[in-house]
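This is what each chain is made of:
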Amino acid sequence: MPDAGQPVGYPAEVLRDLQQLVRDCARSLLEQGEVGMVIGHRAAAPYGRGVPAFVTEPGEAGQLMVGPQCQVGIGKYLLDQTRATRGRVAVIGRGCDILAARRLIADNRVAPDQVLLLWVPCAGRAVPEAMAKGGAVARHCLQCDVRLPEPGQDGIEIIGAHLAGALASASLVGEGCLEATAPRIAPAGPGADNAGDAGYERWSGWFEHCLRCYACRATCPACNCDICVLESRSPQWVERSTALPQQFMFHFIRAMDVAGRCVNCGECERACPAGIPLMDLQQLVAADITELFGVERPHVPGEHEPLGIFDARDPDPERPARTSGGGALS
Amino acid sequence: MTTARDGSPRRRHTGNLSSDRLGALARAALAVAGPDAVLWAPRQAAQRWAWEPITSPDDLDPRTWRRMVNTRISPKGILLPQTQEVFSWQGRTPKIALDVPPPPQPAVILGLRPCDAVAFDRLDEALLVGEWPDVAYARARSRAVLVTFACESMSPECMCEAAGLSPTTPSGDLLVLPAGESLLLEALTAKGEAVLAELEGREPMPEAGSLVDARREELAGAAGHHAPGLAAGQDWTRLPPADPETVLAMFGMPGWEELARPCLSCGLCAFVCPTCHCFALTDEPRGDTGRRVRTWDSCGLTDFMRAAGGHDPRPAKAQRMRQRFLHKLVYHRAAHGSLMCTGCGRCAAGCPAGLHIATAAKMLLAAAEQVAQDALSGCAAPGRPQEDPQ
């Protein structure tokens, strides 16, 4: 069990060096006028958790922090801030933040020349409830494949590349993690029984706790519409009452709207006050995309996005000739 | 003789119950609430504490509640459901039949934390005071029995002291102070009296007046329930009364824009809040039948204020957030004398953007202080036109 306040995964000296690099970088970008704003994280109560920081003065760069406490995804803020800021906006973030920013670019919601992306290596985000006990890595971080920066990408710079090695070997799972990341009702992921009556049972059990607070939609970088079909009051496409049929409508519309565009950041699941394992829905879709279209990493925006393109040669899982299409909710 | 929370004069009524007899307390409360009453209590499911209907009161174990600081979602939905049918209809003009749903079963809410029990008082102020009480809430509330459990532990999210409360604030109908293997009980209302009398009929137990006082002092002294950034004793009830000048200063604070920057305009804060009570009314037609429902709503959501014709007086998120925090900390207090925040901390813990009501409260305190200072220095400033030119 790690000591209270001892971040899981990050060796202390790596964290310190990384933090210094981030602050120096933000300061010099602002000093040289390269960008008008740097979006990162700063510490706030309770827990000293990392909340979004919008830094516009070089003198404020010292408040930036990195580490497992930085739970809030910051990529989506580009949507507002590129419109409100003079000059480019930099995001100093982890792999998931970078993918979120790339999502907005790929969806033509943010112009690539308005942003500067700086990718910091990561050893996982903490679970909020476990932070007081010393931290535990969020469930979706265990499946993350963008923890370490990938060099050679247009418009993306890497901070702390030389420290990535130290984080690569850091264990994401400390002893304190196991409790917080244990499956919650049924086993998580595409392997769980999501089809037929068992699938209905499983998801009914979750959706009946949904508060329809729209936190999943608000945090999702792929949910970037100005007017949301789920929130629209007039016309009202989805009724506001929280009976099960409406809950299924709400969650399936959302899952299908972001299908093929989900960046696997886990923000929906982190934000959900009812603890619904929303990433499971996205992973079912991602598994299908991989299986049907051969896309290895469907969560990486800007590469081949088969659901965004019509192609007459697309596979049809309903056709008996094909045997693929497992995993889907039926 | 003393005065109860509901204003009725009474003698002090306390009791000392063994903690393995919680089931008996639950049954006594159910007997008082009525034959078809439903018992609600916190239960740990999927690693989170949630309010659930309990069918076997004897299985309740108050010792497990020591691990619980509070439930993830507030109990307000038990008396003010997220989705509530107002009426249903059948037929077409001119032959339409309307039907009103039956009243809800009475509820016994057992294991409330003081912040959540006090929240029902705040809801009463908002929904029951005045000429047009909320009929559905009034019906549910008048039949409910609230049994409050004082807090023995706290989380970093707790800030009841900032809201002028404490882990032992007398609230609900009956206050329970856990003390080792005992549950020290004190009736706070006529309903609480009835529960205690009913319980004594089933389980003879000694009076516990002095034990109650000692334990209350002990638990209230557990420090650290104040909000981040505030020292002990520096609570939000020190916000000044809402005179027009101060309210305008708070309304016009330059900080709202910056404070709201991380806000994602979701409704989480309002939906987990034990005192937020705004709702929407919508129709759900199904051919020749249908129903009108009211559902929880939030002033933080886009379009909350959009009127017929499309005008929205609060199109920017900074405006919506200002409304929320001023309603919590200033407006409700001006109308009813109490803060609309009970310091449960759910909004701050749950906010996906990491926003904290304490940050807003601190800004409001500073703005109010500035108004007070300006008033003072304004009087003394040289060159100010004299009232009396002689």
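Look up a bit, the structure's there.
Summarised in this report is the structure supplied together with it. (Residues numbered from 1 in each chain as written. Chains lettered and ligands numbered in written order. Predicted model: local features only at pLDDT ≥ 70, side-chain atom pairs only at ≥ 80, totals over all residues. Heavy atoms only, no water.)

The next subject is the overall build of chain A. When its secondary structure is counted, chain A shows 10 helices and five strands. Per-residue burial for chain A yields a buried fraction of 56% across its 330 residues. The long-range fraction of contacts in chain A, counting pairs at least 24 apart against all pairs at least 6 apart in sequence, stands at 71%. (Helix = DSSP H or I, 4+ residues; strand = E, 2+ residues; numbered from the N terminus. Buried < 20%, exposed > 50% of the residue type's maximum accessible area, 1.4 Å probe, protein only. Contact = heavy atoms within 4.5 Å.)

Quick look at the overall build of chain B now. On a plain count of helices and strands, chain B comes out with 12 helices and 13 strands. Scaling as 2.2 N^0.38, a compact globule of 390 residues should have a C-alpha radius of gyration of about 21 Å, and chain B matches this with 23 Å. The principal-axis extent of the C-alpha atoms belonging to chain B is close to 80 × 65 × 45 Å. Residues counted as buried form 51% of the 390 residues belonging to chain B. Taking as baseline every contact in chain B between residues at least 6 positions apart, the subset at least 24 positions apart corresponds to 74%. Approximately 17,500 Å² of chain B is accessible, and the part contributed by carbon and sulfur atoms is 55%. Between the centroid of the 41 positive side chains of chain B and the centroid of its 44 negative side chains there is a distance of 5 Å. (Rg over C-alpha atoms; globule rule 2.2 N^0.38 Å. Areas by Shrake-Rupley, 256 points an atom, 1.4 Å probe, with all protein chains shown as cover. Lys, Arg positive; Asp, Glu negative; His and termini not counted. Charge placed at Lys NZ, Arg CZ, Asp CG, Glu CD.)

The next thing to look at is the pattern of salt bridges. Across all of its chains, the model carries 42 salt bridges over all chains by this definition. Taken together, the salt bridges that share partners define one network made up of Arg103, Asp107, Arg261 and Glu305 of chain A. (Salt bridge = Lys/Arg side-chain N within 4 Å of Asp/Glu carboxyl O.)

Moving on: the packing of helix 7 (residues 244–251) of chain B against helix 10 (residues 317–336) of chain B. Residue and element names in this part refer to chain B. Two elements in contact, helix 7 and helix 10, have axes whose closest approach is 11 Å; the angle formed by their N-to-C orientations is 150 degrees. Classified by the angle between their axes, helix 7 and helix 10 sit roughly antiparallel to one another. Two packed elements cross with a definite hand, and for helix 7 against helix 10 that hand is right-handed. Counted together, Val247, Met250 and Phe251 of helix 7 and Arg322, Leu326, Val330 and Tyr331 of helix 10 form the full contact between these two elements. The residue inventory of the contact of helix 7 with helix 10, partitioned by class, reads six nonpolar, no polar and one charged. (Axes fitted to C-alpha atoms, helices over the stretch in contact; angles between N-to-C directions. Parallel < 35°, antiparallel > 145°, perpendicular 65-115°, else oblique. Left-handed = near helix turned anticlockwise from the far one by under 90°. Nonpolar A, V, L, I, M, F, W, Y, C, P; charged D, E, K, R; others polar.)

Let us now look at the side chain of Thr242 of chain A. Structurally, the position occupied by Thr242 of chain A is in the loop between helix 7 (215–219) and helix 8 (244–257). A polar contact is formed between the side chain of Thr242 of chain A and the side chain of Thr83 of chain B, at a distance of 2.6 Å. (Polar contact = N/O pair within 3.5 Å; in protein donor to acceptor, adjacent residues only side chain to side chain.)

Further remarks concern the sheet that holds strand 2 (residues 49–55) of chain A. All names here are of chain A. Strand order across the open sheet formed by five strands is 2-1-3-4-5, with mixed pairing between neighbours. On the outer flanks of this sheet lie strand 2 and strand 5 (156–158), each paired with one strand and no other. Between one strand and the next, the sheet's axes are offset by a mean angle of 30 degrees, whatever the strand orientation. In the sheet, strand 3 (residues 89–93) pairs with strand 4 (residues 115–119) via five bridges, with the strands oriented parallel. Each residue of the ladder has a partner; that of Val91, found in strand 4, is Leu117. (Pairing = 2+ DSSP bridges.)

The subject of this paragraph is the interface of chain A and chain B. Contact residues are listed per partner, giving 43 residues for chain A and 41 residues for chain B. Among the residues of chain A in contact with chain B, Leu211, Arg233 and Arg240 of chain A are the three that bury the most area, contributing 19% of the side total. Between the two partners, chain A and chain B, sit four salt bridges. The salt bridge partner of Arg286 of chain B is Glu239 of chain A, with a shortest N-O separation of 2.8 Å. (Buried area = accessible area lost by both parts, 1.4 Å probe.)

What follows deals with the sheet that holds strand 12 (residues 279–286) of chain B. Residues and elements named next belong to chain B. Strand order in the open sheet formed by four strands is 7-6-13-12, with antiparallel pairing between adjacent strands. Edge strands, defined here as strands with exactly one partner in the open sheet, are strand 7 (95–99) and strand 12. Averaged over neighbouring strand pairs, the angle between their axes works out to 20 degrees when direction is ignored. Bridge count between strand 12 and strand 13 (residues 289–296): eight bridges; the pairing is antiparallel. Counted as the bridge partner of Glu284 is Arg291 from strand 13.

Bringing the environment of Asp173 of chain B into the picture now. All names here are of chain B. Position of Asp173 among the secondary structure elements: in the loop between strand 9 (145–149) and strand 10 (174–179). In this structure Asp173 comes out as buried when scored by relative accessible area, which is 7%. Asp173 sits 168 residues away from Arg5 along the chain, and the two C-alpha atoms are 8.1 Å apart.

Residues and elements named next belong to chain A. Mapped onto the fold, Gln153 is located in the loop between strand 4 and strand 5. On the basis of relative accessible area, Gln153 is assigned to the buried category, the value being 19%. Only 3.1 Å separates the side chain of Gln153 from the side chain of Glu150, close enough to count as a polar contact.

In this section: the packing of aromatic side chains. All names here are of chain A. For the structure on display, the rule yields nine aromatic pairs over all chains. A centroid spacing of 5.2 Å and a plane angle of 85 degrees characterise the contact between Phe54 and Tyr77, whose relative ring orientation is edge-to-face. Of the two residues, Phe54 is situated in strand 2 and Tyr77 in the loop between strand 2 and helix 2 (78–84); the sequence distance between them amounts to 23 residues. Here Phe54 matches Tyr77 in class, with each residue buried. Relative to Phe252, the ring of Phe248 has its centre 5.4 Å away and its plane inclined at 85 degrees; by these criteria the two rings are edge-to-face. Remark: Phe252 and Phe248 occur in helix 8; sequence separation between them is four residues, near one turn of the helix. (Phe/Tyr/Trp six-rings, centres within 6.5 Å; stacked < 30°, edge-to-face > 60°.)

This next bit is on helix 7 of chain B. Residues and elements named next belong to chain B. All buried positions along helix 7 are accounted for by Thr246, Val247 and Met250. Looking straight down helix 7, one finds its buried side chains confined to an arc of 100 degrees; they lie on one side. More than 90 degrees from the buried face of helix 7, the exposed residues found are Pro244, Glu245 and Leu248. (Arc of directions from axis to C-beta.)

Let us look at the environment of Val32 of chain B. Residue and element names in this part refer to chain B. Looking at where Val32 falls in the secondary structure, it is placed in helix 1 (residues 22–33). By relative accessible area, Val32 is classed as partly exposed at 28%. Considered as a pair, Val32 and Ile73 are 41 residues apart in the sequence and their alpha carbons are 26 Å apart.

With that settled, consider the nonpolar core. Core analysis: the biggest nonpolar cluster contains 56 residues, and Ile39 and Leu78 of chain A together with Trp236, Leu329 and Leu364 of chain B have the highest contact counts within it. Counting residues per element, this core draws most heavily on helix 12 (residues 357–380) of chain B, which supplies eight residues. Setting aside its immediate chain neighbours within four residues, Ile39 of chain A contacts Ala53, Phe54, Ile74, Tyr77, Leu78, Gln81, Val89, Ala90, Val91 and Ile92 of chain A. Ranked by size, the runner-up nonpolar core spans 31 residues in total, among them Ala28, Ile54, Phe149 and Ala187 of chain B. (Core = buried A, V, L, I, M, F, W, Y, C linked by side-chain atoms within 4.5 Å.)

Here the bond from Ser234 of chain A into Pro235 of chain A is cis, since omega is 0 degrees, no more than 30 degrees from zero. In this structure, Pro235 of chain A sits in the loop between helix 7 and helix 8. Going from Thr93 of chain B to Pro94 of chain B, the amide bond is cis rather than trans, its omega being 0 degrees. With respect to the helices, strands and loops of the structure, Pro94 of chain B is situated in the loop between strand 6 (83–92) and strand 7. You will see that Asn264 of chain A, though not glycine, has its phi angle at about 70 degrees, which is positive.

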